[in-house]
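As a plain string of letters, each chain reads:
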Amino acid sequence: MTSGNLLTDHPELYEQRFPDPDHLAARWAEETLTRHGAGPRVLDVGCGTGRDAAWLHSAAGREVTGIDTSPAMLAHARDHHPGPVYRHADMRDFDLDTTFDAVVCMDSALLYCHTNDDLTAFLARCRAHLAPGGLLVAEMRNGAFFLGNTELLDGPRTASFEWRGTTYASRTTLWIDHGAQLLRRRRTWTADDGSEPDEQHSAWRLLFPQELRHFLTTAGFDVLALHDGPGPRTEPVWSEGDSPHGTTSSDRLHLVARLGSENSPQNNPQYSNGDSTS
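Report follows, based on the coordinates. Once a new chain begins, its residue numbering starts again from 1 and follows that chain's sequence as written. Note on the predicted model: pLDDT of at least 70 is required for a residue's local features to be given, and 80 or more for side-chain atom pairs to be given and counted; whole-chain, interface and lining totals, by contrast, use all residues. As a rule here, side-chain values come from all non-hydrogen atoms in the structure, and water together with hydrogens is ignored.

**Quick notes on the sheet that holds strand β4 (residues 100–105)**
Next, step 1: For two strands to be treated as a pair, DSSP must find no fewer than two bridges joining them. Going along the chain from the N terminus, every DSSP run of H or I of four or more residues is numbered as a helix, and every run of E of two or more is numbered as a strand. Here we have seven strands laid out as an open sheet, ordered β3-β2-β1-β4-β5-β11-β10, and mixed in their pairing. Only two strands of the sheet have a single neighbouring strand rather than two, namely β3 (85–88) and β10 (221–227). Looking at each pair of strands side by side, their axes are set apart by 20° on average, direction ignored.
Next, step 2: Sheet analysis places strand β1 (residues 41–45) next to β4, joined by three bridges and oriented parallel. Counterpart to D44 in the pairing with β4 is V104.
Next, step 3: What makes two residues a contact is simply this: any of their non-hydrogen atoms within 4.5 Å. Note on geometry: axes are lines fitted to C-alpha atoms, helical ones only across the stretch in contact, with angles between N-to-C directions running from 0 to 180 degrees. Sitting on the sheet, helix α3 (residues 24–35) is in contact with β1, β4, β5 (130–141) and β11 (252–259), with an inclination near 145° to β5.
Next, step 4: Taken strand by strand, helix α4 (residues 51–58) contacts β1, β2 (63–68) and β3, and its axis lies near 170° from that of β2.

**Let's talk about the nonpolar core**
Most often, soluble globular proteins keep nonpolar side chains buried together rather than apart.
Next, step 1: What is meant by a nonpolar core is a set of buried Ala, Val, Leu, Ile, Met, Phe, Trp, Tyr and Cys residues, joined one to another through side-chain atoms within 4.5 Å. Buried, partly exposed and exposed residues are distinguished by accessible area as a fraction of the type maximum, computed with a 1.4 Å probe on protein chains only: under 20%, between the cut-offs, and over 50%, respectively. In this structure, L110, F122, L136, F221 and L255 are the most contacted members of the largest nonpolar core, which totals 42 residues.
Next, step 2: For this core, the secondary structure elements donating two or more residues are β1, β4, α6 (116–129), β5, β7 (166–177), α7 (209–218), β10 and β11.
Next, step 3: The contacts of L136, once residues within four sequence positions are left out, are V103, F122, L123, C126, L216, F221, L255, V256 and A257.

**Quick notes on the pattern of salt bridges**
Next, step 1: Within this document, salt bridges are pairs made up of a side-chain nitrogen of Lys or Arg and a carboxyl oxygen of Asp or Glu, the two lying within 4 Å of each other. Enumeration according to the criterion identifies 12 salt bridges in this entry.
Next, step 2: The salt bridge involving E240 is made with R27; its shortest N-O contact spans 2.4 Å. Of the two residues, E240 is situated in the loop between β10 and β11 and R27 in helix α3; the sequence distance between them amounts to 213 residues.
Next, step 3: Looking at E240, the relative accessible area reads 46%, which means it is partly exposed.
Next, step 4: By relative accessible area, R27 is classed as buried at 19%.
Next, step 5: Between R92 and D118 there is a salt bridge; the shortest N-O distance is 3.6 Å. With R92 in the loop between β3 and β4 and D118 in helix α6, the pair connects residues that are 26 residues apart, well separated along the chain.

**A look at α7**
Next, step 1: Buried within α7 we find P209, E211, L212, F215 and L216. Each buried residue of α7 lies within a common arc of 160° when the element is viewed along its axis, so the set occupies one face. Exposed residues on α7 whose side chains face more than 90 degrees from its buried face are Q210, H214 and T217.
Next, step 2: With its phi angle positive at about 95°, G220 sits one or two positions after the end of α7. The directions from the helix axis to the C-beta atoms are what the arc is built from.

**Things to note about the sheet that holds strand β8 (residues 182–191)**
Next, step 1: Reading across the sheet, the four strands line up as β6-β7-β8-β9 and stay open at both edges, with antiparallel pairing between neighbours. Each end of this open sheet is capped by a strand with a single partner; those strands are β6 (157–163) and β9 (198–205). Across this sheet, the average inter-strand angle for adjacent strands is 25°, counted without regard to direction.
Next, step 2: Here 10 bridges tie β7 to β8, and the two strands are oriented antiparallel to one another.

**Let's talk about the pairing of β6**
Next, step 1: In this sheet, β7 lies alongside β6 in antiparallel orientation, the contact comprising seven bridges. Within β7, the position partnered with F161 by the bridge is Y168.
Next, step 2: Counted along the chain from β6 to the antiparallel partner β7, the turn is two residues long, and its residue R164 has a positive phi close to 50°.

**A few points about unusual backbone geometry**
Next, step 1: With an omega of 0°, the peptide bond running from G229 to P230 counts as cis.
Next, step 2: With respect to the helices, strands and loops of the structure, P230 is situated in the loop between β10 and β11.
Next, step 3: For the bond running from E235 to P236, omega is -5°, close enough to zero to count as cis.
Next, step 4: Structurally, the position occupied by P236 is in the loop between β10 and β11.
Next, step 5: You will see that D107, though not glycine, has its phi angle at about 55°, which is positive.
Next, step 6: On the basis of relative accessible area, D107 is assigned to the partly exposed category, the value being 30%.
Next, step 7: Its identity is not glycine, yet R164 carries a phi of approximately 50°, on the positive side.
Next, step 8: Within the fold, R164 resides in the loop between β6 and β7.

Written out as structure tokens, the structure is:
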């Protein structure tokens, strides 16, 4: 997660703007983990407000640790979604001195790996923290969607919501930085409480399915599933029992990969110490 952002710096606003009362994201993650036989120990990377981590911990009975770079998000998670262990850590260099059966990376958190070195470092950290045969489950924007589709790029989009008597309105513009392979966002917030407008900038890496397969295979993972839905943020939305389809053309991408037990770190020096290479 990023800092200097109205929603991530004020987690209660984030949950108001992006409500998930039915815990769709966590339930999708749990069904995916169950389908692929994941053990109970789960690391939630980019855990944010802790909603998903807490549901997996309490409702699904898993042993969950959540990491995030936002102190405000982590404080909110501990206060409002207790149960998991929450740690302040960066996805590119975390060292938790334990292992997990699965790493979960929801809501495009993986795409904060803006460079090849970032992504290589993250996958190396996953290798170091996953038990043999452990899973990596991720849900994110799909870079391939932007090949021929401009609907998310055609002009500013506006949205508003109310919280504690104040109406917050956003004006969002997205564009592609082709050279950096980033989807960049400029968002301006206004509120009817007399505060000054707040302009914020963020970006996500645009990863394509074949590119993602290459990074994962190089890191010693076997890709078990890579599809565009259904998921917790697709249309139509996922519901229990839905089978994933095999296409990768819509705006969300869902990944399941297993760390190959035969691919020990000592046999791949590039990943042995969690260091990225240039």
